[in-house]
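Here's the letter readout for the chains.
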Amino acid sequence: MALPDYQRGIDYWTSVDASVDGVLGGFGTGPLPRVEQLSSRLFLLSLLPQLQVFPSPLATHQDVESPAESKRFVALDVGAGVGRVTAEVLLPLVDDVIT
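Sequence order as written defines the numbering, with residues in each chain counted from 1. Predicted model: local features are reported for residues with pLDDT of at least 70 only, side-chain atom pairs are reported and counted for 80 or more only, and whole-chain, interface and lining totals are derived from all residues. Calculation of side-chain values draws on the structure's entire complement of heavy atoms; hydrogens and water are dropped beforehand.

Visitor: Describe the overall build of the protein chain, and please don't skip the residues or the numbers.
Guide: A run of H or I in DSSP counts as a helix once it spans at least four residues, and a run of E counts as a strand once it spans at least two, with each numbered from the N terminus. If you tally the helices and strands in the protein chain, you get 4 helices and 2 strands. Scanning the protein chain from its N terminus toward the C terminus, one meets helices and strands in the order α-α-α-β-α-β. Of the contacts formed within the protein chain by residues at least 6 apart in sequence, a portion of 46% connects residues at least 24 apart. Accessibility throughout is a Shrake-Rupley quantity obtained with a 1.4 Å probe, and a residue counts as covered only by protein chains that appear here. Summed over all atoms, the accessible surface of the protein chain reaches about 8000 Å², with 63% contributed by carbon and sulfur. Any two residues whose heavy atoms approach within 4.5 Å at even a single point are treated as in contact.

Structure representation (structure tokens):
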């Protein structure tokens, strides 16, 4: 197995514009693509279905929490972006996001 070519990496990052758009490979302007927002939310909901704002229409009355039992959900975003995932993926699903 070959070792990483560190000089090639240094050369690449030296040539990239030191801006949000440069670091994100040209995707630094505008919102997160809608399909990425939705697929990320669906992935999170598949892991944590309790994040759903509305109960499943297939749930029985016993499966649905009453408002008094509702929990507060907090997410930790440890990404290195500009906050688009926090704003467009996490905040619609949770109460607070720690960045």
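Next comes the rest of the description.
Visitor: Go over the pattern of salt bridges, please, and point to the residues and values.
Guide: Any Lys or Arg side-chain nitrogen located within 4 Å of an Asp or Glu carboxyl oxygen qualifies as a salt bridge. Enumeration over the complete set of coordinates arrives at 1 salt bridge. A salt bridge links arginine 72 to aspartate 96, with the nearest nitrogen and oxygen atoms 3.0 Å apart. Residue arginine 72 is located in the loop between helix H3 (34-47) and strand S1 (74-76), and its partner aspartate 96 is located in strand S2 (residues 96-98); the two are separated by 24 residues in the primary sequence. The buried label goes to any residue with under 20% of its type's maximum accessible area, the exposed label to any with over 50%, and the partly exposed label to all in between, with areas taken from a 1.4 Å probe on protein chains only. Looking at aspartate 96, the relative accessible area reads 30%, which means it is partly exposed.

Visitor: Run through the packing of aromatic side chains, naming residues and quoting values.
Guide: When two rings of Phe, Tyr or Trp (its six-membered ring) have centres within 6.5 Å they constitute a pair, described as stacked for plane angles under 30 degrees, edge-to-face for angles over 60, and tilted for the intermediate range. Summed over all chains, the structure comprises 1 aromatic pair. Consider the rings of tyrosine 12 and tryptophan 13, whose centres lie 4.9 Å apart with planes at 80°: the pair is edge-to-face. Overall, tyrosine 12 belongs to the partly exposed group, its relative accessible area being 44%.

Visitor: An account of the environment of proline 33 is needed here, citing residue identities and associated values.
Guide: When you line up the elements, proline 33 lands in the loop between helix H2 (20-23) and H3. Its relative accessible area of 42% is what places proline 33 among the partly exposed residues.

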